Every structure is written in structure tokens, then in C-alpha cells.
Amino acid sequence: MTYSVLGLDPSMTCSGWAHYRKGDKAPTWGLIQYPAWGDDEGRYLWDWFERVGRLCSDREVTHIFIEDVRFHHQHSETLTQMIASIGLISMATIVAYKLTQRGQPVELLSVQPQVWRKLFLGALPKPDGMSKHLWRKALKEAAVGQCHKRGWMVEQDDEADACGIMTYGVCTIDPAFQTRQGPLFRAAEKTHDDFVRDNK
């Protein structure tokens, strides 16, 4: 089965994206960044829609996997985040719908953070007494570390999270991907490449 998967880590100011097409040696990744939204929510949402649409069109994406964050809106800032998250997920839904209408079938699926992290990072128990903020930071650092182990030299944690989401998505389609892209495989691949180069 041929597939082309886009992983999205949506955010109001910095959305990470990662893409992998079957047969690629490694994924590609990047960021969609904006300043503080202020009164420009509509303009930024539309721009985000267009940029994600171009990513999908240019890369002939067949599946979009997007993080589905359930916010607990206890104060206005978190409520704003929740509304923005819903807006971004809605825009991704429209991207998938429009491309499908144009003859490029795209399936959109959401995944909760704890689900993709379990596959990408393994079991990481939260230390007793650690605040939610520090735990979230530790998880993001772990995602960067996991990417680097795989030879994916991301620079930002939002890119690393997107790679994790993308990895989860690809593994649901192609379970063998995890073993082909894990650190042990990459180490063996590097050894093989070094051997070939040294014996030319």
C-alpha cells in the first residue's frame, strides 16, 4: 500500500509538521509560525489552512494525523487555546475535504498525546511531585531525544512532537515502519553505509 502521511502538532503560534512517504529514507519536518494572534485570528487561521493545504498537495498526502488536545478551560487563556485548537482541527478537516473533492483522497485522523507518546517514547512514568508544566517540558525533550536517536536532527520540540505524531500515523498503516526507523535500525544502516563507502 502506498501512503504519504502528514503529522501535525497544532498550536496558536507554532505548529510543528512532519511528513513521511512510503519508501523515503527519512521524514521531513518544519514549523508554521505566527506572532501572538491578538485580533488576527481569522487571518492566521486562513493562512494556516492554506499552508497545510500546500503541504498536503505538494507531498500528495493520503493521511493527516493531528494531535487532539483536550483542554480543561478553567480560565480565559486556556479557553482561548481550546477555541484555537478547535479552529485548527476544523481547518485541517476542510483541507482533507477539499483535496478529496479535487481527486486527492485524504483521510484525517486525530490522536491524543498520551496515545502517540506511548508508541514513540515508550512508558515514561511521571515523577512524583513534578508539576504539569515541568512534565510537559520533559516529554517534549524526550521527543527531541527520540528523534535524534533515529537520525532525525530536529531543532525544535514542536517538530519533534510532529515527528512522533507522524510515526504513530505511519505505524497504524504500516506496522513494520517502527522497526525500520528505530535507533537500532539506523545504527545498522549507518554501519552498512560506512562499510560500502570504505570499500568503494
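Numbering of residues starts from 1 in every chain and runs along the sequence as written. Given that this is a predicted model, residues contribute local features only at a pLDDT of at least 70 and side-chain atom pairs are listed and counted only at 80 or more, while totals for whole chains, interfaces and linings are drawn from all residues. Calculated side-chain values reflect all of the structure's heavy atoms, with hydrogen atoms and water omitted.

Description of helix α5 (residues 157-173)
Secondary structure elements follow DSSP: runs of H or I of four or more residues count as helices, runs of E of two or more count as strands, with numbering from the N terminus. Multiplying one less than the number of residues by 1.5 Å gives the expected span of a helix. Given a rise of 1.5 Å per residue, 17 residues ought to cover 24 Å, and the 25 Å separating the end C-alpha atoms of α5 matches this to within 8%. Burial classification: accessible surface area is computed with a 1.4 Å probe over protein chains only, and a residue below 20% of its type maximum counts as buried, one above 50% as exposed, and the rest as partly exposed. In terms of burial, α5 is largely enclosed, as 13 of its 17 residues are buried.

Focus: the nonpolar core
To qualify as a nonpolar core, a set must consist of buried Ala, Val, Leu, Ile, Met, Phe, Trp, Tyr and Cys residues joined through side-chain atoms within 4.5 Å. Ranked by size, the top nonpolar core spans 24 residues in total, and within it Phe120, Cys147, Trp152, Met166 and Val170 carry the most contacts. Secondary-structure elements contributing two or more residues to this core are β2 (14-21), α3 (113-121), α4 (132-149) and α5. Looking at which element gives the most residues to this core, the answer is α5, with seven residues. Not counting residues within four places of it along the chain, the set of residues in contact with valine 170 comprises Tyr3, Val5, Tyr20 and Phe177. Counting residues in each nonpolar core, the second largest holds 23 residues, with Trp17, Leu55, Leu88 and Ala96 among its members. Only heavy atoms enter the contact rule, under which two residues are in contact if any of them lie within 4.5 Å.

Comments concerning the confidence of the model for the chain
Across the chain, each position has a pLDDT score giving the predictor's confidence in that residue, from 0 to 100. Mean pLDDT over the chain works out to 84, with 80% of the residues at or above the 70 mark. Taken element by element, the predicted model of the chain shows its lowest mean pLDDT in helix α7 (residues 183-198) (43) and its highest in strand β1 (residues 4-9) (97). In the model, residues 72-76 has pLDDT below 50 throughout and makes four contacts with residues more than four positions away in sequence or in other chains. Note that pLDDT drops below 50 for residues 184-199; the model gives that stretch nine contacts with residues more than four away or on any other chain.

What about the side chain of glutamine 104?
Along the chain, glutamine 104 falls in the loop between α2 (76-101) and β5 (107-111). The definition of a polar contact used here is a pair of N or O atoms within 3.5 Å, where within protein one atom must be able to donate a hydrogen and the other to accept one, and adjacent residues in sequence count solely through side-chain atom pairs. At 3.1 Å, the side chain of glutamine 104 and the backbone oxygen of cysteine 56 are in polar contact. Those residues within four positions of glutamine 104 in sequence are excluded, and the remaining contacts are Cys56, Ser57, Glu60, Val61 and Leu99.

A few points about unusual backbone geometry
Not every positive phi belongs to a glycine, and glutamate 60 is a case in point at roughly 50 degrees. Tracing the backbone shows glutamate 60 in the loop between α1 (41-58) and β4 (63-67). Residue classification places glutamate 60 among the exposed positions, given a relative accessible area of 51%.

Some points on α3
What sets the pattern is the α-helix's 3.6 residues per turn: residues three or four places apart point alike. Turning to α3, its buried residues number three or more, namely Pro113, Trp116, Arg117, Phe120 and Leu121. Projected onto a plane normal to the axis of α3, the buried residues spread over an arc of 105 degrees and lie on a single side. Positive phi appears at glycine 122, one or two residues downstream of α3, with a value of about 85 degrees. Think of it as the arc spanned by the lines of direction from the helix axis to the C-beta atoms.

What to know about the packing of α3 against α5
Two elements in contact, α3 and α5, have axes separated by 9 Å at closest approach and are oriented at 85 degrees. Between α3 and α5, the crossing angle belongs to the class labelled roughly perpendicular. Taken together, the residues of α5 that come into contact with α3 (itself represented by Val115, Trp116, Arg117, Leu119 and Phe120) are Ala160, Asp161, Cys163, Gly164, Ile165, Thr167, Tyr168 and Cys171. Any residue that is not Ala, Val, Leu, Ile, Met, Phe, Trp, Tyr, Cys, Pro, Asp, Glu, Lys or Arg is counted as polar, Gly included; the first ten are nonpolar and the last four charged. Grouping the constituent residues of the contact of α3 with α5 by class yields nine nonpolar, two polar and two charged. What counts as an axis is a line fitted to C-alpha atoms, over the stretch in contact for a helix, and the angles between N-to-C directions run from 0 to 180 degrees. Under this scheme an angle from 65 to 115 degrees is roughly perpendicular, one under 35 degrees roughly parallel, and one over 145 degrees roughly antiparallel; angles in between are oblique.

Details of the pattern of salt bridges
Any Lys or Arg side-chain nitrogen found within 4 Å of a carboxyl oxygen on Asp or Glu counts as a salt bridge. By the definition in use, this model includes five salt bridges. Ionic pairing is found between glutamate 60 and arginine 21, a salt bridge with its closest N-O pair at 3.5 Å. Residue glutamate 60 is located in the loop between α1 and β4, and its partner arginine 21 is located in strand β2; the two are separated by 39 residues in the primary sequence. If you follow the salt bridges from partner to partner, you end up with Arg117, Lys140, Asp158 and Asp161 in one network.

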